[in-house]
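# Summary of the model geometry
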Amino acid sequence: QVQLVESGGGLVQPGGSLRLSCAASATILSFNAMGWYRQAPGKQRELVARITSGGRTNYADSVKGRFTISRDNAENTVILQMNSLKPEDTAVYSCYSRTWGGLEYWGRGTQVTVSS
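This section reports on the structure supplied with the text. Since the structure is predicted, the reported quantities are computational estimates derived from the model, not experimental observations.

## Here's the deal with the overall build of the chain
- The secondary structure content of the chain amounts to zero helices and 11 strands.
- Tracing the chain from N to C terminus, the helices and strands come up as β-β-β-β-β-β-β-β-β-β-β.
- Compactness check: the chain gives a C-alpha radius of gyration of 13 Å against a globular reference of 13 Å for 116 residues, within 12% of the reference.
- Over its C-alpha atoms, taken along the principal directions, the chain stretches across nearly 40 × 25 × 25 Å.
- Across the 116 residues that make up the chain, the buried fraction comes to 42%.
- If you take every contact in the chain between residues at least 6 apart in sequence, the share linking residues at least 24 apart comes to 54%.
- When the accessible surface of the chain is summed, it comes to about 6,200 Å², and 45% of that surface belongs to carbon and sulfur atoms.

Here it is as structure tokens:
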């Protein structure tokens with residue numbers, strides 16, 4: 001059983017930055033994709049950013065140019081750097097991974113609150 005543990009959430013003012021980390025209990029080379037979803041109260045869960053084993057990335061339109069996803073294979077970690085945060089970025093951010101066999105794993109989530 002793979003475990004994903006998120007860290008780095010918190011309270012930040014509009015325009016600020018946060019760096020989320022997702023540490024996997026297995027080598028992330030065993031995943032063909034990893035990424036971050038978020039869910040705000042009363043809203044559907046949405047994909048924020050994803051990165052493939054080959055390093056290809058894709059982002060939600062709402063975060064393009066502000067968020068950057070990267071992976072550190074040596075540390076089995078995926079990072080989400082979030083800049084120019086807006087109040088509408090407030091949500092629980094969850095890390096996920098998908099193996100080559102199609103299995104998905106999820107972290108428990110970390111709260112991000114953007115407020116003055």
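## Points about the sheet that holds strand E7 (residues 67-72)
- With respect to topology, four strands assemble into an open sheet ordered E1-E3-E8-E7, the strand pairing being antiparallel. Each edge of the open sheet carries a strand with a single partner, namely strand E1 (4-7) and E7. For this sheet, the mean inter-axis angle between neighbouring strands, taken without regard to orientation, is 15°.
- Relative to strand E8 (residues 77-82), strand E3 (residues 18-24) is paired through six bridges, and the arrangement is antiparallel. Bridging across to E8, arginine 19 finds its partner in glutamine 81.

## Side note on the pairing of strand E9 (residues 91-99)
- The element E9 is extensively covered by neighbouring structure, given that seven of its nine residues are classed as buried.
- Direction of pairing for strand E4 (residues 31-39) relative to E9: antiparallel, over a ladder of eight bridges. Following the sheet pairing, tyrosine 37 is matched in E9 by serine 94.
- In this sheet, strand E11 (residues 110-114) lies alongside E9 in antiparallel orientation, the contact comprising three bridges. Residue pairing in the sheet places tyrosine 93 in a bridge with threonine 110 of E11.
- The sheet contact formed by E9 and strand E10 (residues 104-106) spans three bridges and is antiparallel. Its bridge partner lying in E10, tyrosine 96 is registered against tryptophan 106.
- Where E9 folds back on E10, the antiparallel hairpin that results is connected by four residues, among which glycine 102 adopts a positive phi of roughly 95°.

Analysis parameters
- Residues numbered from 1 in each chain as written.
- Predicted model: local features only at pLDDT ≥ 70, side-chain atom pairs only at ≥ 80, totals over all residues.
- Heavy atoms only, no water.
- Helix = DSSP H or I, 4+ residues; strand = E, 2+ residues; numbered from the N terminus.
- Rg over C-alpha atoms; globule rule 2.2 N^0.38 Å.
- Buried < 20%, exposed > 50% of the residue type's maximum accessible area, 1.4 Å probe, protein only.
- Contact = heavy atoms within 4.5 Å.
- Areas by Shrake-Rupley, 256 points an atom, 1.4 Å probe, with all protein chains shown as cover.
- Pairing = 2+ DSSP bridges.
- Axes fitted to C-alpha atoms, helices over the stretch in contact; angles between N-to-C directions.

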